[in-house]
Structures are given as structure tokens and as C-alpha cells.
Amino acid sequence: MKRYLLILTLIFVLGINAQSKIETKDYSMIERFPLEKYSKMKKIQKHLENVNIYDITYNSFDKTKVKGFLLLPNEDGKKYPVIIFNRGGNGSYGMVNDQYIVTFLSKIASKGFIIIASQLRGSEGSEGVDEFGGKDIDDVMSLFAIINNIEIADTSKIAQIGWSRGGITNFQLLKRTNKIRTTINIAGPSDILKTKRKEMFVVYQNRIKNYLLDSVYYSNKISPIFQIDSILNKKESFLFIHGDQDEKVPIAHSRELYGKTKEYGYKSKFILFENSEHSLFNQFEKVINDIISWLNSELI
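Residues numbered from 1 in each chain as written. Predicted model: local features only at pLDDT ≥ 70, side-chain atom pairs only at ≥ 80, totals over all residues. Heavy atoms only, no water.

1. Here we look at the confidence of the model for the protein chain
When pLDDT is averaged along the protein chain, the result is 93; 93% of the residues meet or exceed 70. Scored below 50 in pLDDT, residues 1-18 makes 55 contacts in the model with residues more than four places away or belonging to other chains. (pLDDT = per-residue confidence, 0-100. Contact = heavy atoms within 4.5 Å.)

2. A word on the pattern of salt bridges
What the rule picks out here adds up to 15 salt bridges. Between Arg165 and Asp136 there is a salt bridge, with the nearest N and O atoms lying 3.1 Å from each other. Of this pair, Arg165 sits in the loop between strand 9 (153-163) and helix 5 (166-176) while Asp136 sits in helix 3 (residues 135-141), and the two are 29 residues apart along the sequence. Here Asp136 falls in the buried class, since its relative accessible area comes to 1%. Between Lys267 and Glu298 there is a salt bridge; the shortest N-O distance is 2.4 Å. (Salt bridge = Lys/Arg side-chain N within 4 Å of Asp/Glu carboxyl O. Helix = DSSP H or I, 4+ residues; strand = E, 2+ residues; numbered from the N terminus. Buried < 20%, exposed > 50% of the residue type's maximum accessible area, 1.4 Å probe, protein only.)

3. Details of the pairing of strand 11 (residues 237-243)
The element strand 11 is extensively covered by neighbouring structure, given that 7 of its 7 residues are classed as buried. Neither face of strand 11 is exposed, since Ser237, Leu239, Ile241 and Gly243 on one face and Phe238, Phe240 and His242 on the opposite face are all buried. Sheet topology places strand 10 (residues 180-186) next to strand 11; 5 bridges connect them, and they run parallel. Looking across to strand 11, one finds that Thr182 is bridged to Ser237. Between the parallel elements strand 11 and strand 12 (residues 267-273), the chain passes through helix 8 (residues 252-263) in a crossover that is right-handed. (Pairing = 2+ DSSP bridges. Right-handed = clockwise from strand over helix to strand, strands pointing away.)

4. Observations regarding the pairing of strand 5 (residues 51-59)
In terms of residue burial, strand 5 counts as a mostly covered element, since 8 of its 9 residues are buried. Summarising the sheet, strand 5 and strand 6 (residues 65-73) pair through 9 bridges and their orientation is antiparallel. Residue Asn59 lies in a different strand from strand 6, and its bridge partner there is Lys65. In textbook terms, the turn of a hairpin is the stretch between consecutive antiparallel strands, and for strand 5 and strand 6 this stretch comprises 5 residues, one of which, Lys63, has a positive phi near 70°.

5. Some remarks on the packing of aromatic side chains
Any pair of aromatic rings gets described here by the distance separating the centres and the angle formed by the planes. Inspection of the entire model under this criterion finds 17 aromatic pairs. Sitting above the plane of the Trp294 ring, Lys267 keeps its charged end 5.3 Å from the centroid. (Phe/Tyr/Trp six-rings, centres within 6.5 Å; stacked < 30°, edge-to-face > 60°. Lys NZ or Arg CZ within 6 Å of the ring centre and 35° of its normal.)

6. What to know about helix 6 (residues 198-207)
Residues of helix 6 that are buried: Met200, Val203, Tyr204 and Arg207. Down the axis of helix 6, the buried set is contained in an arc of 100°. They therefore lie on one face. Looking at helix 6, the residues exposed on the side facing more than 90 degrees away from the buried face are Lys198 and Asn206. (Arc of directions from axis to C-beta.)

In C-alpha cells:
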């Protein structure tokens, strides 16, 4: 049986074949899948043999209880780079589900990466109200306290992946911390006011603080294209991924961000996926391979 040490506030030993729950004053974690179910899943998805998957509940900066999840590679005696995954959607819509974890994130984790994510306040099981570019960013920043207590985490090698709305989170985090070495932005907006989806303006009204006072100012305050001059880590690198058939966030958004990061002197790469829409679902395996290749070049 493979085992490893995970330090929270004390040292706990977690076995692959034991269902575990760990609680501290700031967060708790429990295996996401029951043992019997996970054993059956591993027979179909062989890569799951290399990953343990946990749900976490943690206190954000203001003690709001927020849900998240944690994927840990389980090979003994190693330290692993860390990926912060920034989800899309808003509220409970767009929460990261089992299918997404199993078919996408766990395949990346199985190649030797810890993945941690917040489901954000205001989502199912979490307290509070979701915000765009507000307290949601603090929810993600609060994950660093957990990262710092994972013994097998190499905290000198931290990356982030943001999909869709997660691209907003990506660029807000880069203004808050210099600990992130590389950013992968998938189908993310550059300027939210350029959206052609009318329904999104209702979301902005409900999710962006003070939006009704000055929609342009407060939209610009969180739109990624206007944050590039405030990035703290001047050695940051960027990978932009986008499908050419994306109708939710047109490919022009990633092209604009790619060009602007290059203009500011950052290492930046753009990958176009032909005949793919917002989810890139029809080319998931290639997306995974491109992400792993980029992370290996930037973190390993």
C-alpha cells in the first residue's frame, strides 16, 4: 500500500485504501468518492491509481466556509508542483463536477501535480454570495494556507489554470501574489464589456460589486487586459488556449491577451484548437497533453 505524509497542523497518515476525514480549526478534508466506488472507477480510469481525491471545506479570509477539492499524487518520497485551478461559471452554475475531475484534472494530477481549487463562495455547500473579482479572489488566495501545509508540495513551483471566468481570477491573483510562476488561460475573456452575450450583463450586475454605479470603471477593474501592467511576478509566463468555434468567449479575447503579454515582455504562447467550442471537449486529450508539456517546461 502506498502511503505518504500530509502535514496540516499535525502529521496525519492517509492510506489509499482507507476512507479518511481530517479536521482542523481552519479546514477539513474527506475522500471525495467512497472506497468501493473509487475502486471500481480505477478499473476503468487507470490513471486514478496514481491520484487521491479529496473534498475540502475551509475558512476563507472572513471565516466564510467555502467548498473546494484537492488532488494528490500518491507516489512516496517525492515533492510535487502545485496547480491552482480557477473554475468558470458563477454561483453553483459551473461548479467543478465529478466528470470534470475524473476526465480532465485527475489526468493532469496523475502526471505528478498537486491540484487544489475553490468552488467559491455562493456555490452549493458554501456560504456567502459569489462575486466577480471581489471576495472570490480572497477565497482562492486563502488556499495558499492549505498549500503551505502540504508536506509533499513544492511551494517554489506553483502554477494556475483558469477556464472561462477563471481567466478573470487568474489575472486578479497575479496582482496579489508573486508566488505563481506560470498561468494557463483557457477560453478566458480579455475585456468583459466586449461580450456579445446579453445574459452576461445581468450576471455582471449581480456579481460585480458597484457595477450599477459605474459599469465601465468596475468592469475594467476586473477585466484581465487591464491588469497586465500590475502583475507582480515579472518572470511570469503564459499559455493561452482557445477553440476557434467558441461562441461564449470568442477567440479574439485570447489573441488580445496573448498580444498584450508579449508586448509587456512576458514569455507567452497561444494554441488554437480548430473546430472546437468553449468546452474544448472534443479535444480534451490534446488539451491535457499541451498543458502537461507546458507545465513540465515551466515548472520542472
